[in-house]
Amino acid sequence: MSVSSLSARSSVDSLRSISSLGSAPDKLAPSVDGPMVWRKSELDPTKYVCHLTATEVAEIRLAVIHFRLSGLTRPSISKETFPLSEHLSSKLAALSKEIHSGSGVAVLRGLNAARFNDEEAVIAFVGVCAHICAERATDSYANQTLSHIRDATHEKVPQWATNIGLAGSKITAKMDFHNDRFSGDILAMHVRNDGGPGNGGEQFVSSFWSIYNTLLEKDPAVLETMMEAQWPFELKQKNADPYLELGPTLLFSKNKPICQLVKAPLLGSAHIPRDPSMPELSKEQIHAIHMVEEIAQEVCTQLDRQEGDIQLINNLSIMHARAAYGKTDKPSSRHLLRMFLRDPENAWDKPMSFKRNFEDPFTRGRVQEISVHDFDPWRKISGRESHG
């Protein structure tokens, strides 16, 4: 296996000796081009926002009613159990092509007109996404398929959860640019509540392919560092010490750069600190993180957002970030639903050395948890910290 695992007590010397097991390309891929290479305003909302008509919103509402009357459970939602007209289904499927071979970003707008309650909104989100990408990922750590991004910082911490901490999806701090590691090909988020004007939480996207081209020209050593399978990811475990997993943060699929750089399992966070037994990052890795963030900010654009939107982002080629929110002493109302998806029709091939990592979230038969409400933000701390 190219991803090497060690216990939390392994020495740095052992880390260095085993890192050679990781595989990386012999050389960097050439610069990339195409619609997924964009900078700032070149990603135009008039091109990536897809509007639903009033008739189509009504059709989705009827599909929600149909599913509720079927008596099936939410994990049973599929194209077949959430029926839409051929025209609307094709319109949604076309978004997958845009995410995989277009700009890498798409927003479906108009669902707010349906005025769904919480349960209806979850069913609509999962059902619509089933027509865009047939498969949805389930976190092996917690069996989570749908998670809630919200402010849980004002909630009373149960005694048993005193030392657990809150994941990035439950806090209001800013999040730097990242890709969610081995979580799924497509990041899908449904904006239930944007928190209101002045609340913060603006979302940003950045083309990693543009970042790649810039680094290839100005600092290729950063890309070489990212390719090395020596990045020390700390993976959490239930009722056990965390363990160390070595791997790269840059992969390639037929010369397509794939970014899997996420900071939480490498640096820890204020709410979930890195275990002291974990090795520190090298100066080259710290430099790489700094350079990627710097260029990402230079080429990024703010994601056009309205309540009711379903946002779809290529998690392999588009980095995403978030501004801090909740600027008062009261809990923020900001609330997004999140899933990770895969479309077998358009999915990119994955490097064989890490194919199992990419496949794991889509393991057939795994129990799916698709919760309408998020009552327990401490129980499941964002899987193995592959986010944020």
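Just so it is clear, the structure is predicted and the values come from calculations on it, not from any experiment.

Colleague: Is there a simple way to think about the pairing of strand E10 (residues 240-247) in this case?
Modeller: The side chains of a regular strand alternate, first on one face of the sheet and then on the other. Burial of E10 is extensive: six of the eight residues sit out of reach of the surface. Taken together, the six bridges between strand E9 (residues 231-237) and E10 define a ladder with antiparallel strand orientation. Paired with Leu235 across the bridge in E10 is Tyr243.

Colleague: Any chance you could explain the nonpolar core here in plain terms?
Modeller: Nonpolar side chains tend to gather and get buried jointly when the protein is soluble and globular. Judged by nonpolar contacts, the single largest core of 60 residues is most densely connected at Phe208, Ile211, Tyr212, Met226 and Trp231. Per element, the largest residue contribution to this core is seven residues, and it comes from helix H9 (residues 283-299). By size, the runner-up hydrophobic cluster in this structure holds 38 residues, among which are Leu52, Val57, Ala121 and Ile310.

Colleague: Explain a nonpolar patch on the surface to me, please; I cannot follow it from the model alone.
Modeller: A grouping of Leu62, Ile65 and Leu69 is seen on the molecular surface, where their side chains present a nonpolar patch of about 340 Å² in accessible area. Tracing the backbone shows Ile65 in helix H3 (residues 54-70).

Colleague: Help me understand the environment of Glu359 in this model?
Modeller: Summarising the element assignment, Glu359 is placed in helix H10 (residues 355-359). The exposure class assigned to Glu359 is partly exposed, which follows from its relative accessible area of 33%. Counting along the chain gives 175 residues from Glu359 to Gly184, while the straight-line C-alpha distance between them is 8.4 Å. A distance of 3.1 Å separates a polar atom in the side chain of Glu359 from a polar atom in the side chain of Arg342.

Colleague: Honestly, the pattern of salt bridges in this entry has me stumped. Any pointers?
Modeller: With the rule as written, the count across this model stands at 20 salt bridges. The partner of Arg192 in a salt bridge is Asp118, with the nearest N and O atoms 3.1 Å apart. On the criterion of sequence distance, the pair formed by Arg192 in strand E7 (residues 186-193) and Asp118 in helix H5 (residues 118-132) is long-range, its members being 74 residues apart. On the basis of relative accessibility, which here comes to 35%, the residue Asp118 falls in the partly exposed class. Among the salt bridges present, the one from Arg150 reaches Glu155, with a minimum N-O distance of 2.5 Å. Several salt bridges share partner residues, and in doing so they unite Arg61, Arg68, Arg74, Glu119 and Glu120 into one network.

Colleague: Any chance you could explain H9 here in plain terms?
Modeller: Note on helix geometry: an α-helix contains 3.6 residues per turn, so any two residues three or four positions apart are oriented the same way. Relative to the 24 Å expected for 17 residues at 1.5 Å per residue, H9 spans 25 Å between its end C-alpha atoms, a close match to the ideal helical length. Listed in full, the buried residues belonging to H9 are Gln285, Ala288, Ile289, Met291, Val292, Glu293, Ile295, Ala296 and Val299.

Colleague: Whenever I open this one, the environment of Arg109 confuses me. Can you help?
Modeller: The topology assignment puts Arg109 in strand E3 (residues 105-109). Along the primary structure Arg109 and Gln311 are separated by 202 residues, whereas in three dimensions their C-alpha atoms are 8.7 Å apart. In this structure Arg109 touches Val49, Cys50, His51, Leu52, Asp304, Arg305, Gln306 and Asp309, once residues within four positions along its chain are discounted. Side-chain polar atoms of Arg109 contact the side chain of Asp309, separated by 2.9 Å.

Colleague: Help me out: how do you make sense of the packing of aromatic side chains in this one?
Modeller: One pair of aromatic rings is described through two measures. These are the centre distance and the angle between the planes. Under the criterion given, the structure shown has five aromatic pairs. Geometrically, the ring pair formed by Phe182 and Phe354 is stacked, given 6.3 Å between the ring centres and 20° between the ring planes. Separated by 172 residues along the polypeptide, Phe182 in the loop between strand E6 (175-178) and E7 and Phe354 in the loop between strand E16 (335-342) and H10 bring together distant segments of the chain. Summarising the burial analysis for this pair, Phe182 and Phe354 share the class buried. Considering the side-chain rings of Phe182 and Phe358, the 4.9 Å spacing of their centres and the 90° angle between planes classify their relative orientation as edge-to-face. Residue Phe182 is located in the loop between E6 and E7, and its partner Phe358 is located in helix H10; the two are separated by 176 residues in the primary sequence. A relative accessible area of 13% means that Phe182 is categorised as buried. One aromatic cluster is present, formed by Phe182, Phe354 and Phe358 through successive ring pairs. When the ring centre of Phe362 is taken as origin, the NZ or CZ atom of Arg342, which lies over that ring, is 4.2 Å away.

Rules used throughout
- Residues numbered from 1 in each chain as written.
- Predicted model: local features only at pLDDT ≥ 70, side-chain atom pairs only at ≥ 80, totals over all residues.
- Heavy atoms only, no water.
- Buried < 20%, exposed > 50% of the residue type's maximum accessible area, 1.4 Å probe, protein only.
- Helix = DSSP H or I, 4+ residues; strand = E, 2+ residues; numbered from the N terminus.
- Pairing = 2+ DSSP bridges.
- Core = buried A, V, L, I, M, F, W, Y, C linked by side-chain atoms within 4.5 Å.
- Patch = residues over 30% accessible without salt bridge, like charges linked within 9 Å, V, L, I, M, F, W, Y side chains within 5 Å.
- Areas by Shrake-Rupley, 256 points an atom, 1.4 Å probe, with all protein chains shown as cover.
- Salt bridge = Lys/Arg side-chain N within 4 Å of Asp/Glu carboxyl O.
- Polar contact = N/O pair within 3.5 Å; in protein donor to acceptor, adjacent residues only side chain to side chain.
- Expected span 1.5 Å × (residues − 1).
- Contact = heavy atoms within 4.5 Å.
- Phe/Tyr/Trp six-rings, centres within 6.5 Å; stacked < 30°, edge-to-face > 60°.
- Lys NZ or Arg CZ within 6 Å of the ring centre and 35° of its normal.

Geometric descriptors of this kind do not, in isolation, establish any biological role.
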